[in-house]
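Descriptive structure summary
Chain residues, written in single-letter form:
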Amino acid sequence: MKADHRPLYIQVIDQLKEEISHYSEGSKLPSEYELAKHLGVSKETLREALRLLEEDGLVVRRYGVGTFVPSKPLFSAGIEELQSVTNMIASANMTPGTIYLSSTIEVSAEEDRARFNRSESFEMLQLERVRTADGMPVVYCLDQLPADLVGNRSIHEMKSIFQFLEEAGRPIAYALASIEPIGYHEHVTEVLECTPETALLLLRQTHYDHHDQAVLHSVNYFRSDKFKFNVVRKSK
């Protein structure tokens, strides 16, 4: 390295890229102390190199846990694209599946009445499901929709709620969404069979039909090692 006239942290980045190429996805790298000693640099230089590698998505650092080689996402979609989890999985040439954890009928709360623009109380169906891809759990879903939209249909017919609503004559036209990364979740992390250091992507969406009427509210937890969402931003 000493014959190289580039900044030291740039040299360290190149060396770390070579080191990382020998690790499998999801592997944990040696500690910062071990890496710095191995490369013959200070911890400060190493940390600057790791910071830049993290910005490029080549490593993932978990505070108090360590540095990891990220897994390449199996699924990638634009956040502006409105599509069901079923279609996302099928688009990756994998077989979508559903594990039903629970289904309950609840009386709507004030928040629900405001969300679904209803002045009186109504019965609401809440579904708790895990979506799978080739049998692997990848998304934990909590879905709420007015029970009168379901009628006498069996919930087990709802492999795709999007498709179910379309067949019921209430196709989804658009959704208002928010997305945020979260860390370890006591319940969801276990259900999705994630390692403790695997981050989750929380996507909250309220879906509307062509008459601007809310028909579905979803809270979905995606495994960040399996899903990648992109955003297209345009100037005015």
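You'll find the structure just up there.
Residues numbered from 1 in each chain as written. Predicted model: local features only at pLDDT ≥ 70, side-chain atom pairs only at ≥ 80, totals over all residues. Heavy atoms only, no water.

1. A closer look at the environment of Gly 57
Its location among the elements puts Gly 57 in the loop between α3 (43-55) and β1 (60-62). What makes Gly 57 partly exposed here is its relative accessible area of 44%. In this structure the C-alpha to C-alpha distance between Gly 57 and Pro 70, which are 13 residues apart in sequence, comes to 7.6 Å. (Helix = DSSP H or I, 4+ residues; strand = E, 2+ residues; numbered from the N terminus. Buried < 20%, exposed > 50% of the residue type's maximum accessible area, 1.4 Å probe, protein only.)

2. A few points about the pairing of strand β8 (residues 200-208)
Two faces make up the sheet, and in a regular strand the side chains alternate between them. For β8, a buried count of 8 out of 9 residues is recorded, marking the element as mostly surrounded by other parts of the structure. Note: strand β7 (residues 174-182) against β8, 9 bridges, orientation antiparallel. The partner of Glu 180 across the bridge, within β8, is Leu 202. Where β8 hands over to strand β9 (residues 214-223), the hairpin turn is made up of 5 residues, of which Asp 212 adopts a positive phi near 65°. (Pairing = 2+ DSSP bridges.)

3. Remarks on the packing of aromatic side chains
By the definition in use, this model includes 3 aromatic pairs. Ring geometry for Phe 116 and Phe 122: centres 5.9 Å apart, planes at 75°, overall edge-to-face. For the pair Tyr 174 and Tyr 208, a centre-to-centre distance of 5.1 Å together with 10° between the ring planes defines the contact as stacked. Taken together, the residues Tyr 174 in strand β7 and Tyr 208 in strand β8 connect sequence positions 34 residues apart. Classification of Tyr 174 as partly exposed rests on a relative accessible area of 32%. The residue whose ring lies beneath Arg 118 is Phe 122, and the NZ or CZ to ring-centre distance is 4.7 Å. (Phe/Tyr/Trp six-rings, centres within 6.5 Å; stacked < 30°, edge-to-face > 60°. Lys NZ or Arg CZ within 6 Å of the ring centre and 35° of its normal.)

4. Regarding the environment of Gly 40
Its place among the elements puts Gly 40 in the loop between α2 (32-39) and α3. For Gly 40, a relative accessible area of 63% puts it in the exposed group. For the pair formed by Gly 40 and Val 12, sequence separation is 28 residues and the distance between their alpha carbons is 9.5 Å.

5. Things to note about the nonpolar core
Among the nonpolar cores identified, the biggest contains 15 residues, and Val 12, Leu 16, Ile 20, Leu 39, Leu 46 and Leu 53 are the most heavily contacted of them. Counting only elements with at least two residues in this core, the list comes to α1 (8-20), α2 and α3. Apart from the residues within four sequence positions on either side, Leu 16 is in contact with Leu 35, Leu 39, Leu 46, Ala 49, Leu 50 and Leu 53. (Core = buried A, V, L, I, M, F, W, Y, C linked by side-chain atoms within 4.5 Å. Contact = heavy atoms within 4.5 Å.)

6. Side note on α2
If you check which residues of α2 are buried, you get Leu 35, Ala 36 and Leu 39. The arc that holds every buried residue of α2, seen down its axis, measures 95°, which confines them to one face. Facing away from the buried side of α2, by more than 90 degrees, are the exposed residues Tyr 33, Lys 37 and His 38. The elements touched by buried residues of α2 are α1 and α3. (Arc of directions from axis to C-beta.)

7. Observations regarding unusual backbone geometry
Within the chain, Asn 117 stands out as a residue other than glycine whose phi angle is a positive 55°. Note on placement: Asn 117 falls in the loop between α5 (110-115) and β5 (123-133). Asn 117 sits in the exposed class, given a relative accessible area of 63%. The backbone phi angle of Asp 212 is positive, close to 65°, even though this residue is not glycine.

8. Describing the side chain of Asp 209
With respect to the secondary-structure elements, Asp 209 resides in the loop between β8 and β9. For Asp 209, a relative accessible area of 3% puts it in the buried group. A polar atom in the side chain of Asp 209 sits 3.0 Å from the side chain of Arg 170. From its side chain, Asp 209 meets the backbone nitrogen of Gln 213 in a polar contact 2.9 Å long. Excluding residues that lie within four positions of it along the chain, Asp 209 makes contacts with Arg 170, Pro 171, Ala 173, Tyr 174 and Val 215. (Polar contact = N/O pair within 3.5 Å; in protein donor to acceptor, adjacent residues only side chain to side chain.)

In short, the description is geometric, and any link to function would need to be established separately.
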